Amino acid sequence: MRDVTTSSLPDVDVVLPCLDEAEALPWVLARIPAGWRALVVDNGSTDGSADLARALGATVVSEPRRGFGAACHAGLSAATAGVVCFCDCDASLDPGLLVPFVDEVRAGTADLVLGRRRPEGRGAWPAHARAGNLALARMLRRRTGLALHDLGPLRAARREALLALGLDDRRSGYPLQMVVRAADAGWRITEHDVPYRPRTGASKVTGTWRGTWHAVRDMRRVLAEDPVRPLPCEASGDGNSR
């Protein structure tokens, strides 16, 4: 894994939901900042992803129950670091970009930091997926007042505060539910532009209109939920709790 200056960053766990991503894993894991732990959550891969991830030095968590949210939450539950990050495992996003996100969380200037995807290269973000994301961002603004532009997977927050949100969506609505419940809890949420590359391999969610529609349906269900009071836990702090 490449050396990234992280003098101000103690241990961080990076959750990487994985379903048949053997082709992308070497690129992704090579970009995990030094001193951070990669938690590759195998969600039923049949291409040897789990074995490859172990061989490349990652910690592998098995989550046989299919679903993006199921994989993400299994990683969060397995994490032990004070700060937890999330990143797709398809080489569309560079986990090294999470360093300033973690800086912001540790400095106490934000409780949840999100990456606003900026596509680079042809086919990085299909029109139907972008349209679905835009519609959800508008619905999110009506529901929470947050003026966010993207609900992308690159994000960082404190582990204990995330667990206190009581996230229970195990499908495509998980990333949105995290933002909605964080907003309801009064978290400070920020977003920063990040380059978004064409993914390696076929998308399991937004590669087709059908997949995008199912994701939007899951997320609309999340937006229709009544506000949920989080478990007692301070969202702010330095993230050193274990």
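Remember, it's a predicted structure, so these values are computed and weren't measured experimentally.

Q: Quick rundown of the nonpolar core? Include the residues and the values.
A: If you look at the biggest cluster of nonpolar residues, it comprises 36 residues, and the most contacted ones within it are Leu-112, Leu-162, Trp-187 and Ile-189. Those elements giving two or more residues to this core turn out to be β2 (37-42), α3 (68-78), β4 (83-86), β5 (112-119), α5 (127-144), α6 (159-164), α7 (174-184) and α8 (209-223). The element best represented in this core is α7, accounting for 7 residues. Ranked by size, the runner-up nonpolar core spans 33 residues in total, among them Ala-38, Ala-58, Cys-87 and Val-194.

Q: I'd like to hear about the state of the cysteines, residue by residue, with values.
A: Tallied over the entire structure, the rule returns 0 disulfides. Of all cysteine sulfurs, the one in Cys-89 lies closest to Cys-18, which takes part in no disulfide; the gap is 4.4 Å. Of the residues examined, Cys-18 reaches a relative accessible area of 1% and is grouped as buried.

Q: I'd like to hear about the pattern of salt bridges, residue by residue, with values.
A: One pass over the structure, following the stated rule, counts 7 salt bridges. Where Asp-51 meets Arg-54, a salt bridge forms, and the shortest distance between an N and an O atom there is 3.2 Å. Of the two residues, Asp-51 and Arg-54 are both situated in helix α2 (residues 49-55); the distance of 3 residues between them amounts to about one turn of the helix. For Arg-54, a relative accessible area of 46% gives the class partly exposed.

Q: Quick rundown of the sheet that holds β4? Include the residues and the values.
A: Here we have 7 strands laid out as an open sheet, ordered β3-β2-β1-β4-β6-β5-β7, and mixed in their pairing. What marks the edges here is a single partner per strand, and that holds for β3 (59-62) and β7 (189-196). Across the sheet, the mean angle separating the axes of adjacent strands is 25° when strand polarity is ignored. Two strands pair when backbone bridges link them, and β5 and strand β6 (residues 155-158) are joined in this way by 3 bridges, in the antiparallel orientation. By the bridge assignment for β6, Val-113 is matched with Ala-156. Together, β1 (12-18), β4, β5, β6 and β7 form the strand contacts of helix α4 (residues 99-107), whose direction differs from that of β6 by roughly 25°.

Conventions and cut-offs
- Residues numbered from 1 in each chain as written.
- Predicted model: local features only at pLDDT ≥ 70, side-chain atom pairs only at ≥ 80, totals over all residues.
- Heavy atoms only, no water.
- Core = buried A, V, L, I, M, F, W, Y, C linked by side-chain atoms within 4.5 Å.
- Buried < 20%, exposed > 50% of the residue type's maximum accessible area, 1.4 Å probe, protein only.
- Helix = DSSP H or I, 4+ residues; strand = E, 2+ residues; numbered from the N terminus.
- Disulfide = S-S within 2.5 Å.
- Salt bridge = Lys/Arg side-chain N within 4 Å of Asp/Glu carboxyl O.
- Pairing = 2+ DSSP bridges.
- Axes fitted to C-alpha atoms, helices over the stretch in contact; angles between N-to-C directions.
- Contact = heavy atoms within 4.5 Å.

Functional significance is not addressed by these values, which are geometric in nature.
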